[in-house]
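# Analysis of the macromolecular model
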Amino acid sequence: MRILREIVLLAIAVLVVLVPGQMYVVKAFRIPSESMVPTLQVRDRVLTARFLLHFRDPQRGEIFVFHPNGEGSDVHASATASTQNYVKRVIGLPNEVIGSVQGRVYVCSDNRYPDDQKQPEQTAGCKFLDEPYTHAQPTLSLANPGTDLAPTVVQPGYYFMMGDNRTSSADSRAWGPVRRSQLIGRVFVTYWPVGRFAFW
């Protein structure tokens, strides 16, 4: 009887520690699709730092779990958030213009549009991103396959999210930038399978 009571007390203690921890500190997620290949593989298990958003803003290149735009379980362009959990990389930051030319993504600061959309690097404040993590080129627009992403404004408080596997990723190209409040946590480690253990 004493052993049973100790087991029950231990289980309660674990719940008291882990449940708030998952809500506010660190939470585990399973990767369901190929959208982040080769960085994250299907069925990888990752940990996210939920607390990070209380101390600083997301940075370009960081991987986040978040709720994409939509309603309920339906993901689409919307002013509301869906209940789905997606994992993508932060590509466009607030107050930037983001687009792509022949698969290469560029960003322009201070809501500046490129003078020449085919050569945005010739505009002050615009630059092509170095993206060694991408799986395939070109960067296709899911809304209009075969074309590049037209210049898109990322409003204050919003982030443009894209998968590393650009030709197989439903992301902000289809349903738009997401609000900061939709971000759940930054992916900082792959812990399973053991052979794929890595910090991000």
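Above this note sits the structure.
Residues numbered from 1 in each chain as written. Predicted model: local features only at pLDDT ≥ 70, side-chain atom pairs only at ≥ 80, totals over all residues. Heavy atoms only, no water.

## A few points about the packing of aromatic side chains
Taken as a whole and assessed by the stated rule, the structure comprises five aromatic pairs. Both rings, one in tyrosine 106 and one in phenylalanine 128, keep their centres 6.2 Å apart while their planes meet at 90°; by these two values the pair is edge-to-face. Taken together, the residues span a long stretch of sequence, with tyrosine 106 in strand 8 (residues 104–108) and phenylalanine 128 in strand 9 (residues 126–128) at a distance of 22 residues. Note on accessibility: tyrosine 106 and phenylalanine 128 belong to one class, buried. Ring centres of phenylalanine 197 and phenylalanine 199 lie 5.3 Å apart, and the angle between their planes is 85°; on these two criteria the pair is classed as edge-to-face. Taken together, the aromatic side chains of Phe66, Tyr86 and Trp175 make up a single cluster linked through ring pairs. The ring of phenylalanine 29 is capped by lysine 27, whose NZ or CZ atom sits 5.7 Å from the centre of that ring. One residue, arginine 104, lies across the ring of phenylalanine 128, its end atom 4.0 Å from the ring centre. (Phe/Tyr/Trp six-rings, centres within 6.5 Å; stacked < 30°, edge-to-face > 60°. Helix = DSSP H or I, 4+ residues; strand = E, 2+ residues; numbered from the N terminus. Buried < 20%, exposed > 50% of the residue type's maximum accessible area, 1.4 Å probe, protein only. Lys NZ or Arg CZ within 6 Å of the ring centre and 35° of its normal.)

So yeah, pure geometry; function would need other evidence.
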